[in-house]
4 protein chains.
Amino acid sequence: MKITVWNENRHEKKNPRVKEVYPNGIHGAIAAFLEKGGLDVTTATLDDPNQGLTDDVLSKTDVLVWWGHIAHEEVRDDIVDKIQARVLDGMGLIVLHSGHFSKIFKTLMGTSCDLKWREAGENERLWVVDPAHPITEGLGEYIDLEKEEMYGEHFDIPAPDELVFVSWFAGGEVFRSGCTYKRGRGKIFYFRPGHETYPTYYNEDVQKVLVNAVHWAEPVKGPKPIYGNANPLEQI
Amino acid sequence: MKITVWNENRHEKKNPRVKEVYPNGIHGAIAAFLEKGGLDVTTATLDDPNQGLTDDVLSKTDVLVWWGHIAHEEVRDDIVDKIQARVLDGMGLIVLHSGHFSKIFKTLMGTSCDLKWREAGENERLWVVDPAHPITEGLGEYIDLEKEEMYGEHFDIPAPDELVFVSWFAGGEVFRSGCTYKRGRGKIFYFRPGHETYPTYYNEDVQKVLVNAVHWAEPVKGPKPIYGNANPLEQI
Amino acid sequence: MKITVWNENRHEKKNPRVKEVYPNGIHGAIAAFLEKGGLDVTTATLDDPNQGLTDDVLSKTDVLVWWGHIAHEEVRDDIVDKIQARVLDGMGLIVLHSGHFSKIFKTLMGTSCDLKWREAGENERLWVVDPAHPITEGLGEYIDLEKEEMYGEHFDIPAPDELVFVSWFAGGEVFRSGCTYKRGRGKIFYFRPGHETYPTYYNEDVQKVLVNAVHWAEPVKGPKPIYGNANPLEQI
Amino acid sequence: MKITVWNENRHEKKNPRVKEVYPNGIHGAIAAFLEKGGLDVTTATLDDPNQGLTDDVLSKTDVLVWWGHIAHEEVRDDIVDKIQARVLDGMGLIVLHSGHFSKIFKTLMGTSCDLKWREAGENERLWVVDPAHPITEGLGEYIDLEKEEMYGEHFDIPAPDELVFVSWFAGGEVFRSGCTYKRGRGKIFYFRPGHETYPTYYNEDVQKVLVNAVHWAEPVKGPKPIYGNANPLEQI
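About the cut-offs
Residues numbered from 1 in each chain as written. Chains lettered and ligands numbered in written order. Predicted model: local features only at pLDDT ≥ 70, side-chain atom pairs only at ≥ 80, totals over all residues. Heavy atoms only, no water. Helix = DSSP H or I, 4+ residues; strand = E, 2+ residues; numbered from the N terminus. Rg over C-alpha atoms; globule rule 2.2 N^0.38 Å. Buried < 20%, exposed > 50% of the residue type's maximum accessible area, 1.4 Å probe, protein only. Contact = heavy atoms within 4.5 Å. Areas by Shrake-Rupley, 256 points an atom, 1.4 Å probe, with all protein chains shown as cover. Lys, Arg positive; Asp, Glu negative; His and termini not counted. Charge placed at Lys NZ, Arg CZ, Asp CG, Glu CD. UniProt positions renumbered as here; feature names shortened; annotations may be inferred. Buried area = accessible area lost by both parts, 1.4 Å probe. Salt bridge = Lys/Arg side-chain N within 4 Å of Asp/Glu carboxyl O. Polar contact = N/O pair within 3.5 Å; in protein donor to acceptor, adjacent residues only side chain to side chain. Nonpolar A, V, L, I, M, F, W, Y, C, P; charged D, E, K, R; others polar. Least-squares fit on C-alpha atoms with pLDDT ≥ 70 in both. Pairing = 2+ DSSP bridges. Right-handed = clockwise from strand over helix to strand, strands pointing away. Expected span 1.5 Å × (residues − 1). pLDDT = per-residue confidence, 0-100. Phe/Tyr/Trp six-rings, centres within 6.5 Å; stacked < 30°, edge-to-face > 60°. Lys NZ or Arg CZ within 6 Å of the ring centre and 35° of its normal. Disulfide = S-S within 2.5 Å.

Caption draft 1: Geometry of the overall build of chain A. Counting its regular elements, chain A contains 7 helices and 10 strands. The C-alpha radius of gyration computed for chain A amounts to 18 Å, which stays within 12% of the reference 18 Å derived for 236 residues, consistent with globular compactness. Over its C-alpha atoms, taken along the principal directions, chain A stretches across nearly 65 × 40 × 35 Å. Expressed as a percentage of its 236 residues, the buried residues of chain A come to 67%. Relative to all contacts within chain A whose residues are 6 or more apart in sequence, the contacts with residues 24 or more apart total 72%. Here chain A has roughly 7,800 Å² of accessible surface; of this, 49% comes from carbon and sulfur atoms. Charged side chains in chain A number 26 positive and 37 negative. The centres of these two groups are separated by 3 Å.

Caption draft 2: Fine view of the UniProt feature "domain: ThuA-like" (unreviewed entry) in chain A. Per the UniProt record, "domain: ThuA-like" (unreviewed entry) is found at residues 2–217 of chain A. End C-alpha atoms of residues 2–217 of chain A are separated by 12 Å, and the span's content is 28% helix alongside 32% strand.

Caption draft 3: Here's a closer look at the interface of chain C and chain B. Across the contact, 32 residues belong to chain C and 32 residues belong to chain B. Roughly 2,500 Å² of surface becomes buried between chain C and chain B when both sides are summed, with 56% attributable to carbon and sulfur atoms. Run the count over chain C and chain B and you get 6 salt bridges. With its nearest N and O atoms 2.5 Å apart, the salt bridge here joins B:Lys182 to C:Asp130. Here chain C is connected to chain B by 12 residue pairs in polar contact (both at pLDDT 80 or more).

Caption draft 4: Seen up close, the interface of chain D and chain C. Opposite the 38 residues of chain D that make contact, chain C presents 38 residues. When chain D packs against chain C, the two sides together hide about 2,900 Å² of surface, and 56% of this comes from carbon and sulfur. Connecting chain D to chain C are 0 salt bridges. In this assembly, chain D and chain C are joined by 24 residue pairs in polar contact (both at pLDDT 80 or more). Elements supplying a minimum of two residues to the side of chain D that touches chain C: helix H5 (77–88), helix H6 (103–109), strand S5 (116–128), strand S8 (174–183) and strand S10 (228–229) of chain D. Per element, the largest residue contribution to the side of chain D that touches chain C is 5 residues, and it comes from S5(D). Class assignment of the residues belonging to the side of chain D that touches chain C gives a composition of 17 nonpolar, 12 polar and 9 charged.

Caption draft 5: Looking closely at the environment of A:Phe191. Its location among the elements puts A:Phe191 in strand S9 (residues 186–191). Considering only alpha carbons, one finds A:Phe191 and A:Ser98, 93 residues apart in sequence, at a separation of 9.6 Å.

Caption draft 6: Spotlight on the relation of the copies chain D and chain C. Expressed as a screw operation, the relation of chain D to chain C combines 0.0 Å of axial shift with a rotation of 180°, fitting to an RMSD of 0.0 Å. This pairing of chains is accounted for by a two-fold axis. Closest approach to the rotation axis within chain D is made by the C-alpha atom of D:Gly110, at a distance of 2.6 Å.

Caption draft 7: Inspection of the pattern of salt bridges at higher detail. Residue and element names in this part refer to chain B. Applying the stated criterion across every chain, the model contains 92 salt bridges over all chains. One salt bridge connects Arg125 with Asp144, and the closest N-O pair in it is separated by 3.6 Å. Of this pair, Arg125 sits in strand S5 (residues 116–128) while Asp144 sits in strand S6 (residues 142–152), placing them 19 residues apart in sequence. The buried category is assigned to Arg125, whose relative accessible area is 3%. For Asp144, a relative accessible area of 37% corresponds to the partly exposed category.

Caption draft 8: Structural detail: the side chain of B:Lys103. Residue and element names in this part refer to chain B. Counting through the fold element by element, Lys103 comes out in helix H6 (residues 103–109). You can call Lys103 buried: its relative accessible area is 16%. In terms of polar contacts, Lys103 uses its side chain to reach the backbone carbonyl oxygen of Glu73, at 3.4 Å. Residue contacts for Lys103: discarding those within four places in its chain leaves His72, Glu73, Val75, Asp77 and Val80.

Caption draft 9: Quick peek at the pairing of strand S4 (residues 92–96) of chain C. All names here are of chain C. In terms of burial, S4 is a largely internal element, 5 of the 5 residues being buried. With burial as the criterion, each face of S4 is covered, one bearing Gly92, Ile94 and Leu96 and the other bearing Leu93 and Val95. Pairing of strand S3 (residues 63–67) with S4 involves 4 bridges; the strand directions are parallel. Across the sheet, residue Val63 finds its bridge partner in S4, namely Gly92. As a crossover connection, the stretch from S3 through helix H5 (residues 77–88) into S4 is right-handed. Where S4 and strand S9 (residues 186–191) come together, 4 bridges link them in parallel fashion. Following the sheet pairing, Leu96 is matched in S9 by Phe191.

Caption draft 10: Representation of the relation of the copies chain C and chain B in the model. Relative to chain B, chain C is turned by 180° and slid 0.0 Å along the rotation axis, the superposed coordinates differing by an RMSD of 0.0 Å. Comparing interface residues between copies, 100% of those in chain C also sit at the interface in chain B, which points to an isologous, same-surface contact.

Caption draft 11: The arrangement of H5(C) in detail. A rise of 1.5 Å per residue sets the reference length of H5(C), with its 12 residues, at 16 Å; its end C-alpha atoms lie 17 Å apart and thus fit the reference within 8%. Those residues of H5(C) that are buried are in contact with helix H4 (55–60), S3, S4, helix H6 (103–109), strand S8 (174–183) and S9 of chain C.

Caption draft 12: Broad picture of the confidence of the model for chain A. Per-residue confidence for chain A averages 98 on the pLDDT scale, and 100% of its residues sit at or above 70. Reported confidences for the modelled complex are a pTM of 0.98 and an ipTM of 0.97.

Caption draft 13: Structural context of H5(D). All names here are of chain D. Within the sequence span of H5, burial applies to Ile79, Val80, Ile83, Gln84, Arg86, Val87 and Leu88. Buried residues along H5 sit against helix H4 (55–60), strand S3 (63–67), strand S4 (92–96), H6, S8 and strand S9 (186–191). One or two steps after H5, the chain reaches Gly90, where phi turns positive at roughly 130°.

Caption draft 14: Up close: the packing of aromatic side chains. Residues and elements named next belong to chain D. Following the criterion strictly, the structure yields 42 aromatic pairs over all chains and no others. Centre to centre, the rings of Trp127 and Tyr142 are 4.7 Å apart; their planes meet at 50°, and the pair counts as tilted. With Trp127 in strand S5 and Tyr142 in strand S6 (residues 142–152), the pair connects residues that are 15 residues apart, well separated along the chain. A cation over a ring is seen here: Lys187 above Trp216, with NZ or CZ 5.8 Å from the ring centre.

Caption draft 15: Summary view of the environment of C:His195. Residues and elements named next belong to chain C. The topology assignment puts His195 in the loop between S9 and helix H7 (204–216). On the basis of relative accessibility, which here comes to 1%, the residue His195 falls in the buried class. A C-alpha to C-alpha distance of 9.8 Å links His195 and Ile26, two positions 169 residues apart in sequence. Beyond its immediate stretch of four places on either side in the chain, His195 contacts His97, Glu119, Glu148 and Glu149. Separated by 3.2 Å, the side chains of His195 and Glu196 make a polar contact.

Caption draft 16: Focus on the state of the cysteines. All names here are of chain C. Enumeration according to the criterion identifies 0 disulfides over all chains in this entry. As a non-bridged cysteine, Cys179 has Cys113 as the owner of its nearest cysteine sulfur, 10 Å distant. Since its relative accessible area comes to 1%, Cys179 is described here as buried.

Caption draft 17: Geometry of the side chain of B:Arg118. Here B:Arg118 is to be found in strand S5. Judged by relative accessible area, B:Arg118 falls into the buried class, the value being 5%. A polar contact is formed between the side chain of B:Arg118 and the side chain of B:Glu173, at a distance of 2.7 Å. In this view, B:Arg118 contacts A:Asn229, A:Ala230, A:Asn231, A:Pro232, A:Ile236, B:Glu149, B:Met150, B:Gly171 and B:Glu173; residues no more than four positions away in its chain are not counted.

Caption draft 18: How the structure looks around the environment of D:Tyr181. All names here are of chain D. Of note, Tyr181 is situated in strand S8. Contacts of Tyr181, omitting those with residues within four sequence positions, involve Met109, Ile157, Pro158, Ala159, Pro160, Asp161, Gly186, Lys187, Ile188 and Trp216. Separated by 2.7 Å, the side chain of Tyr181 and the backbone oxygen of Pro158 make a polar contact.

Caption draft 19: View of unusual backbone geometry. That bond from A:Glu153 to A:His154 is cis: its omega, 10°, falls within 30 degrees of zero. Relative to the helices and strands, A:His154 is located in the loop between strand S6 (142–152) and strand S7 (162–169). Even without glycine at this site, A:Cys113 takes up a positive phi of about 60°. Mapped onto the fold, A:Cys113 is located in the loop between helix H6 (103–109) and strand S5 (116–128). Of note in the backbone geometry, B:Asn9 takes a positive phi value of approximately 55° without being a glycine.

So this is what it looks like as structure tokens:
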């Protein structure tokens, strides 16, 4: 299984605080713990040639992890179309935090993916509401993050196929923080935390969730549907 | 409640057989039985000014019924965006038959919406699998259509929020024929039958389904979510 | 449509504080605002003959509202069986607060329906996560209850067909507070708040939710399924 | 992972035709291909001491496969309670064919689990409607069974968490043939085919489905929820 961690990698270049928290970029931090979990990982960023996502890279990627925020609009539409096609064909997709507003996530959801937000460094507690889900392997009843950005409901997404986490925020809001979807032959997991100025991706529980999610999103070698005009299987 | 029945209305102009079956257009046939059901109905077609969907029409429409087939690509992208925005804001949307490939349906689903098909005038039987659903009011256990085009699985849609009908086809296929979705504040119902050369929209059970569906899709005066930066409700 | 509000009505007899808050019983308070909402309401309590639920009462009830807590075990199994049969046959069921542990709710869910709880008179805020749902008609973005008992996740229920509300509690927990299910031809709504020592059922938003829920749960005159041995519809 | 295949094993004793098709019992046939798939399998039958399901057996079973038909009522209620408790605690459960009417399945579903049926040796075709599901690994677009008993809609089950297969029957019916559920920490898969007089469990696709299903249903080492009275995590 081949994992590609894509990051727009812009905050890291502009904001010394982010550079300090993630000296190898958010993608570097994520790749590091996925590799530690025994996975085969490559990274790609917006400023790489072809935005890091050539046809070759996409066709070889089994699970794509996505972090973006301030440069969603710069991602090329033709690349978004190719990512969508790969998801429908089976590639797993893990969308992180501010990736809720990425072109690819909005395209796959069909909704605005809008939400409430607040950057106040407040406490977030992600409660497991589906303890039968493989993404929760190795976790306790909740994940406690001392400081995070707040995302609050209403989160304008389709009702998730499975709701795995619900967040509590100190400021009074809740959020559907871990949501799974299937689109075509591909699996999608949205996971809320991961603001660029907090060390969220060093949290061991967050790391467990993402290692689990990548395994869960592994492509299934199920039937490849045949579309279009079809001969009858029975005499009509 | 105001209903707009939109039809691309091209088969009716080109194909005498269709003109014969639907002398007032498919939109005319649908509008007629919805009005008989006590609803306030207007029709709109692709060749009307602004493709029949001015901002004024859209803003006043509570439920939009959509039939299209050979001219999906002619529907203007800016109008599709406006329809999507209206659905997210609460407008109901009923997508019929070949509308599975319409821009608006594909946009709201996030998938290819592809399927198998065959035009062989074969028997279709739509079984009710959710008899608690208001869309099934007044029906028997199944709807029998003597001749219809076949649509077969795999149907590349997100798993429906509710699966109401499953079709059996004489040629050996099955299909998820009645599917509900919520997107934002709006409700969507996809209903499979309705090929242009068969008198499907004169079938009384099909008419019941569509009258029921329009009522089910009526906008809810629920909360209008507020998105964006939010002050805390509690002291942090 | 005929509504029956069933209450075990024991706290009211034993606890002066409850008697003070609900001088006509919790059932009386609920019946009052449902009637004000134009509904035809009867009440029934555990100490009535046949526990208030004769065959005649059940057969005439379109939607049953259920409040119970300390006397779940006293409800007769044969009556629970009859309620289940009526739900499967189309009767709506609204289960309130501590009714999560009622025999009828556990029977219809197939799970333990267990949860965390705490009686500390803390603030609960129920966020609407499905603003397209008719149960949210007339509400704002959230319902604020100054003092309530806390129920926390994990709530051991099947994933709801629709998740309408998620609660935030001051003490740090979250809860899936408004859940819909269909069982057979019947609709079920579980609504969390309503501890006996707090004036929750006088809250106007709570009243709106329950009036909406009763309308939503109204039986559908859909097909009555025929089970058992069946002749083929086609020549085999 | 330890698998227990439970079979009531009564048809095999009474009906020479069944004995002929399944000389080692249905449980023997299922155990054989699961073992071939590399799994650690034990069998148990109704006439074994303690109906084959001692506390020790249940506590060591990771996934329980269930086949029953004419002796559902003989299964002891206390054993059903223990199976339910084990499912809620994480044990996987695969319910086969006529097991739809088993006590354990009805208990976990909360519905009648009734359906239409016909024993006419007709053709069944199980279409994959969720090609992203791991249970479909290695399959083509459909599974073709030359002769099977018919089960037809309406199938009185809760809407499945995931619908994987839909069956087409030669006699004109359809059926939701592969359904997943989560209950507590456990996963459940219902799979329709497997009538005792047909060699269904020798079909390679059916075998693939069941091997896949057992892997899918493997218990997750997720959080073990703590229920009951809870101290606040925040100062109230």
